[in-house]
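Analysis of the macromolecular model
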Amino acid sequence: MSEPKFEVQMLHDRVMIKVEKDSGERRSTGGIVIPATVEETNRLVWGEVCGVGHHVRVVKPGDRVLFHPEDQYEVEIQGENYLVMRERDLHAIASERPEHGTGLYL
């Protein structure tokens, strides 16, 4: 007999995020190659919102959000890693429906 499947629902103001895979090394604006082994403690990362709790007011599933990777909890679901954090810990949102945008686009 197979186990029953349970859908994950986020509670309160929590957001579930799938982190975008980093290709490793990157280049600075001056063209200097920065190896993947270099750790930057204050570097923010982008991820895609996969689920939101019923008290989340701004972000929606499918939005890309900017956050600090140490302000979260990690969970593994079906072999994939996701992050769970409060909506207030997000720094920016990139969506197709901007209301108060910066004029910058990804």
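Residues numbered from 1 in each chain as written. Predicted model: local features only at pLDDT ≥ 70, side-chain atom pairs only at ≥ 80, totals over all residues. Heavy atoms only, no water.

Under an unreviewed UniProt entry, the protein chain has the name 10 kDa chaperonin and belongs to Actinomadura sediminis. Entered under Sequence similarities (unreviewed entry) in the UniProt record, the comment concerning the protein chain runs "Belongs to the GroES chaperonin family." Checking UniProt for the protein chain, the heading Subunit (unreviewed entry) contains the comment "Heptamer of 7 subunits arranged in a ring." (UniProt positions renumbered as here; feature names shortened; annotations may be inferred.)

1. Points about the side chain of glutamate 87
Within the secondary structure, glutamate 87 sits in the loop between strand 7 (80-86) and strand 8 (90-94). For the buried glutamate 87, no salt bridge is present, and the opposite-charge side chain at shortest range is arginine 57, 4.9 Å distant. Aside from chain neighbours lying at most four places away, what touches glutamate 87 is Asp13, Val15, His55, Val56, Arg57, Val58 and Val59. (Helix = DSSP H or I, 4+ residues; strand = E, 2+ residues; numbered from the N terminus. Buried < 20%, exposed > 50% of the residue type's maximum accessible area, 1.4 Å probe, protein only. Lys, Arg positive; Asp, Glu negative; His and termini not counted. Salt bridge = Lys/Arg side-chain N within 4 Å of Asp/Glu carboxyl O. Contact = heavy atoms within 4.5 Å.)

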